[in-house]
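# Residue-level structural notes
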Amino acid sequence: MKKKTIILILLILVSCLTRDRGLREIPTNQEHVIRLMRIIDPRLPSLSETDFLRMVKTLKGYIHEYLGYRVTFFVKADRDLLAFQKDTRYLKDTEKMQKLQQSLLNPSIEKDRLRLKKYISALIRKTDPGTLKAYVPEYEKHKQRMADHLFQEYTNKLEHILNIKTSNGTVLNHPAFRDMLTYPFWEIALQHLTEADFIFTNTIMADMEVDIPIYVILRYGITTGMVTENHFNSYQAAGVIFTMPFLSKDIFFQRERIEEIPESLLPDVIALYATHEFGHFLNRFRDYYNHKNCIMVPANDLNYQRWYRERKAAKCPLKHEKLKQF
Ligand SMILES: [Zn+2]
Ligand SMILES: [Zn+2]
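Small disclaimer: the values here were computed from a predicted structure and weren't measured.

### Looking at the overall build of the protein chain
Of the regular secondary structure elements, the protein chain holds 14 helices and ten strands. Over its C-alpha atoms the protein chain spans a radius of gyration of 20 Å, differing by no more than 12% from the 20 Å that the globule rule assigns to 326 residues. With the principal axes as the frame, the protein chain shows a C-alpha extent of 65 × 45 × 40 Å. Scored against the burial criterion, the 326 residues of the protein chain give a buried share of 29%. For the protein chain, restricting intrachain contacts to residue pairs at least 6 apart in sequence, the fraction spanning at least 24 positions comes to 73%.

In structure tokens form, the structure reads like this:
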């Protein structure tokens, strides 16, 4: 038998053995080696090699400070986004992928836009007004027609992002790159990732979907990072951070960030945001929405500078429950 075949069989065996047991506790009394990999869309800005390594070093410190884990990062060679997609092509027709695709909508199809509108209306009826009040800017002005307002914001912002011009003149949403902006692509790619445990990519996840929680609606389908299950590594987890919302110089992002992140602070801010994802990855913590200064509260808008400042100012003393499953 070829070495590759043996490895594959072993991986499948490990995967079968760990799948149904729920998430194991990751001990804090030993050092953990985590494999990082960058996946680069060459059309978009990315951190320089020096800044990336600075970010990795800072992240190691923050993980110890905020999450209580000692980690060593093993940085793998960068991958090209299209090459990465090519490697994951075999996942395209899987049942799981097709199931996720059913919730994915096409913003340029009227029927799909209507589906989103109806979904938002139904979701708002089930949502506590306090949540909306805390998250929607100018809540009072919009509260009578909240569903319409959120639908408009969602579709306008998404359209803007998808049409951002990249350095080679193509739009972000160019057909060759379209899949890699969507949740189904990253969810399935992370579940099957074997060459690394955690990815940093300079693109963004921004898509139109139904069957998503109100918090994703409230940030208009934009995702900065996520962690999901992976049965091919000992962490039973894999994660990704999307750096485009931090690094893009496009006017849309400049406006949405509200407070500009000083250039010299970028690796630091990205490192602290990645720490949030490692709170899922290592501690198995879930997201919180109502804790103050909490590393486990995701950013509710693109003002990462404010999010960073609040978490540097103080730490959350409250208890955080652990997930049994991602
Ligand atoms: Zn989170
Ligand atoms: Zn907290």
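There's more to say after this.
### Thoughts on the packing of helix H5 (residues 110-126) against helix H8 (residues 146-162)
Where H5 contacts H8, the axes come no closer than 9 Å and their chain directions differ by 135°. Between H5 and H8, the angle is such that the two are oblique. As H5 packs across H8, the resulting crossing turns out to be right-handed. Taking contact as the criterion, the partners of Arg113, Leu116, Lys117, Ile120, Ser121 and Ile124 in H5 are, on H8, Met146, Ala147, Leu150, Phe151 and Thr155.

### Overview of the environment of tryptophan 307
Topologically, tryptophan 307 is positioned in helix H14 (residues 304-313). For tryptophan 307, a count of 22 C-beta atoms within 10 Å translates into the label buried. Along the sequence, tryptophan 307 and leucine 59 sit 248 residues apart, while their C-alpha atoms lie 16 Å from each other.

### Things to note about the packing of helix H13 (residues 266-281) against H14
Contact geometry of H13 with H14 gives a least axis separation of 10 Å together with a crossing angle of 70°. Taken together, the axes of H13 and H14 are roughly perpendicular relative to one another. Here Val269, Leu272 and Tyr273 of H13 come into contact with H14, specifically with Tyr304, Gln305, Tyr308 and Arg311. Each residue belonging to the contact of H13 with H14 can be placed in one class, and the counts come to five nonpolar, one polar and one charged.

### Considerations on unusual backbone geometry
Glycine aside, a negative phi is what most residues show, and trans is what most peptide bonds show. The phi dihedral of aspartate 211 is positive, around 60°, even though this residue is not glycine. Inspection of the secondary structure assignment puts aspartate 211 in the loop between strand S7 (208-209) and helix H10 (214-218). Judged by the 11 C-beta atoms lying within 10 Å of it, aspartate 211 falls in the exposed class. Of note, glutamine 236 is a non-glycine position whose phi angle comes to about 55°, a positive value. The topology assignment puts glutamine 236 in the loop between strand S9 (225-229) and strand S10 (237-242). Look at glutamine 236 and you get buried, because 21 C-beta atoms sit within 10 Å.

### Examining the environment of threonine 182
For threonine 182, the location among the structural elements is in the loop between H8 and helix H9 (183-191). Taking the C-alpha atoms as reference points, threonine 182 and proline 262, separated by 80 residues in sequence, lie 29 Å from one another. For threonine 182, the contacting residues outside a window of four places in its chain are Leu104, Met205 and Asp207.

Rules of the game
Residues numbered from 1 in each chain as written. Chains lettered and ligands numbered in written order. Predicted model: local features only at pLDDT ≥ 70, side-chain atom pairs only at ≥ 80, totals over all residues. Helix = DSSP H or I, 4+ residues; strand = E, 2+ residues; numbered from the N terminus. Rg over C-alpha atoms; globule rule 2.2 N^0.38 Å. Buried ≥ 20, exposed ≤ 12 C-beta atoms within 10 Å, placed from the backbone. Contact = placed C-beta atoms within 7 Å. Axes fitted to C-alpha atoms, helices over the stretch in contact; angles between N-to-C directions. Parallel < 35°, antiparallel > 145°, perpendicular 65-115°, else oblique. Left-handed = near helix turned anticlockwise from the far one by under 90°. Nonpolar A, V, L, I, M, F, W, Y, C, P; charged D, E, K, R; others polar.

Worth remembering: the numbers are spatial, not functional.
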